[in-house]
Amino acid sequence: MNAQSSRDPADDDADDLVFKALAAPVRRRMLDVLKAAPCTTGELCARFPELDRTTVLQHLRVLERAELVVGRKNGRERHQARAPRPIKRRYHPWIGA
């Protein structure tokens, strides 16, 4: 049995979500912003003035579905933070030992 056939199909679906999320340059830029420090949705929107708020929220949803970003509501604000574990979990089979 090879390594490919022993993979769980759910892992493939999760991989697809991560790779889809990372495929868009704007989402990679959002991850770069969040790498420096967590921020509110409003602060993130301000960092991307070329995008309207709805577009930023759509990109955030893609990142959240891929578990690359986590959001936490605090009163009226939603704070976004990067969650790098899915990337580490995905690249390890190809890059690791």
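The written sequence of each chain sets the order in which its residues are numbered from 1. Restriction of local features to residues with pLDDT of at least 70 applies here, the model being predicted, together with a cutoff of 80 or more for giving and counting side-chain atom pairs; totals for whole chains, interfaces and linings are based on all residues. Hydrogens and water are ignored here; the side-chain numbers use all heavy atoms of the structure.

1. Section: the pairing of strand β2 (residues 69–74)
When β2 meets strand β3 (residues 77–82), the two strands line up antiparallel, connected through six bridges. Bridged to Asn74 within β3 is Glu77. Only when DSSP finds a minimum of two bridges between them are two strands counted as paired. Per the convention used, a helix needs a DSSP run of H or I reaching at least four residues, while a strand needs a run of E reaching at least two, with both numbered from the N terminus.

2. Focus: the side chain of Gln80
Secondary-structure assignment places Gln80 in strand β3. Every residue pair with non-hydrogen atoms within 4.5 Å of one another is taken to be in contact. Setting aside anything within four residues of it in sequence, one finds Gln80 in contact with Leu34, Pro38, Cys39, Thr41, Leu60, Glu64, Val69, Val70 and Gly71.

3. Focus: the packing of helix α2 (residues 25–36) against helix α4 (residues 53–65)
Contact pair α2 / α4: the axes reach a minimum separation of 10 Å and the direction vectors enclose 80°. Classified by the angle between their axes, α2 and α4 sit roughly perpendicular to one another. Along the contact surface, α2 presents Val26, Arg27, Met30 and Leu31, while α4 presents Val56, His59, Val62 and Leu63. Residues were grouped as follows: Ala, Val, Leu, Ile, Met, Phe, Trp, Tyr, Cys and Pro as nonpolar; Asp, Glu, Lys and Arg as charged; and all remaining residues, including Gly, as polar. Split into classes, the residues belonging to the contact of α2 with α4 amount to six nonpolar, one polar and one charged. Geometry is summarised by axes, namely lines fitted to C-alpha atoms with helices restricted to the contacting stretch, and by angles between N-to-C directions that run from 0 to 180 degrees. Should an angle fall under 35 degrees it is called roughly parallel, over 145 degrees roughly antiparallel, and 65 to 115 degrees roughly perpendicular, with every other angle called oblique.

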